[in-house]
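Spelled out from the first residue to the last, the chains are:
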Amino acid sequence: MKLYKEIPYLLQGLWSAGFNIVSKVFPSFFAGVASASQISIISSLYAGSKFLALPCGWVSDALGKGKTLFYVFFALPLVALLFTVSDSILFFTLMYFVIGILSNFYYSSISSIVTILHKEKTKALFKLESFYQIGAFIGPIIGGALVLKSGGMQMAFYVWAILGIIGLAFSYFLKNENIIKAQDKKNPSIKKLFRELGSNRWDFLIYLIVGGFLTGFFESVISLAVPLYLTAINFDIATVGLVIGCGSIVSVVGLLGLGKFMDRMGHKKSLAITSILIAISSLFFIYTKNIVFLILLLGIFTIGRAGGLNITKAFISTNIAEEIRATGMSISDTFQYLARVIGPLIAGLLIDFSSINSPFIMCFILGLVGTLMMIFKDQIFDLFNLREKKEC
């Protein structure tokens, strides 16, 4: 095994652990001083930074994906420390926009690199997502414990900065790998990007809607609704972190298991399966207060949501050339985060003016819609004569 091929997975775990130390527990931290609608603005502004994902992806291709990743981890510790300047919700919101810009460069680069280094793209992306979920397991538990013990968020930001420094060291080795550098020498071409998108535009669109837009919407809604729901049923902030973290570990098992079969199953069937997992888990979440079942259902939801997103990225990587792949990945991120702008706002309003259960019911309905879109994709294309060529 070539060790440099494993570095992206390690970097993904470090990035995820640091980010989730903060992001998974801050709704519960602010719950006593702000409404759900106010808290949702933080997530929405973070998502709003993703409207710049496309130019950030283009810069990653032009600068070099390996170099971009190194510069991201160089900036990350500084940004994490800047969070400690103030604990006001307004300042926190502005800083989340900054970290959102940084993540544009990170995600387009890391996803592209892993599909360049590995032939089985869906399997590699599922493994990458598994390491994200490992970080998402560790992060909330550490974050919840630190906040509960110290009564503030400062210690969480210090740990985040330390993880960024570790990532900086490992990203240096990845930056100098010949396989990545060879691809980075090729100049990205806008004409080539539009030609490849246009040759299969309706397939791209439906994957971007179901695997990009809807999965982003689900993620943003559940990220807000779950901590508030668990707080409403009298779980303390440390237990909230435990449930979210253990749910991520459940998803790791599922993602690693499914990743072995998804390349052979094909993108269409795979995305239909992940969509139905989202629908089922969302519906049953509100019918139990048992911590074990809550963890299991959250894990199943994460398998569906994360799996759907990475199936879409695998589809893009199969149809987009390596020298413009970061730009192609950023298109998926743009669709995903367009939904993540409106998702928390809708969820916050539903919670404030309806009930804590309403966001889960909404996810169930939309999950079914996504499933039906993938099952009947070919029939829809034939009905409206939208098929350009056979799907890869």
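Residues numbered from 1 in each chain as written. Predicted model: local features only at pLDDT ≥ 70, side-chain atom pairs only at ≥ 80, totals over all residues. Heavy atoms only, no water.

### Structural notes on the nonpolar core
Ranked by internal contacts, the top residues of the largest apolar core, which has 84 residues, are Val-22, Phe-92, Tyr-96, Ile-99, Trp-160 and Leu-230. If we ignore the near neighbours within four places in the chain, the residues touching Phe-92 are Val-22, Phe-26, Phe-30, Ile-42, Phe-83, Met-153 and Phe-157. Within the second largest apolar cluster, 21 residues are counted, among which are Phe-126, Met-262, Ile-324 and Met-374. (Core = buried A, V, L, I, M, F, W, Y, C linked by side-chain atoms within 4.5 Å. Buried < 20%, exposed > 50% of the residue type's maximum accessible area, 1.4 Å probe, protein only. Contact = heavy atoms within 4.5 Å.)

### Observations regarding the pattern of salt bridges
A complete count under the given rule lists seven salt bridges for this structure. Linking Glu-6 and Lys-127 is a salt bridge whose minimum nitrogen-to-oxygen distance equals 3.1 Å. One end of the pair, Glu-6, is in the segment before helix H1 (7-23); the other, Lys-127, is in helix H7 (residues 121-150), with 121 residues separating them in the sequence. Note on Glu-6: relative accessible area 22%, which makes it partly exposed. Ionic pairing is found between Asp-61 and Lys-65, a salt bridge with its closest N-O pair at 3.0 Å. For Asp-61, a relative accessible area of 0% gives the class buried. Each of Glu-129, Glu-219 and Arg-305 takes part in one network of salt bridges that share partners. (Salt bridge = Lys/Arg side-chain N within 4 Å of Asp/Glu carboxyl O. Helix = DSSP H or I, 4+ residues; strand = E, 2+ residues; numbered from the N terminus.)

### Some thoughts on the packing of aromatic side chains
Throughout the structure, instances matching the rule amount to 24 aromatic pairs. Between Tyr-207 and Phe-315, the ring centres sit 4.2 Å apart and the planes meet at 15°, which makes this aromatic pair stacked. Linking Tyr-207 in helix H11 (residues 201-232) with Phe-315 in helix H14 (residues 291-319), this pair joins segments that are 108 residues apart in sequence. Accessibility assignment for this pair places Tyr-207 and Phe-315 in one class, buried. Members of the aromatic cluster, each reached through a chain of ring pairs, are Phe-19, Tyr-46, Phe-83, Phe-92, Tyr-96, Phe-157 and Trp-160. (Phe/Tyr/Trp six-rings, centres within 6.5 Å; stacked < 30°, edge-to-face > 60°.)

### A look at a nonpolar patch on the surface
On the surface, a nonpolar cluster with roughly 560 Å² of combined accessible area is contributed by Leu-10, Ile-162, Ile-166, Phe-170, Tyr-172 and Phe-173. It is helix H8 (residues 154-175) that contributes the most residues to the nonpolar patch, five residues altogether. Here Phe-173 lies in helix H8. Overall, Phe-173 belongs to the exposed group, its relative accessible area being 52%. (Patch = residues over 30% accessible without salt bridge, like charges linked within 9 Å, V, L, I, M, F, W, Y side chains within 5 Å. Areas by Shrake-Rupley, 256 points an atom, 1.4 Å probe, with all protein chains shown as cover.)

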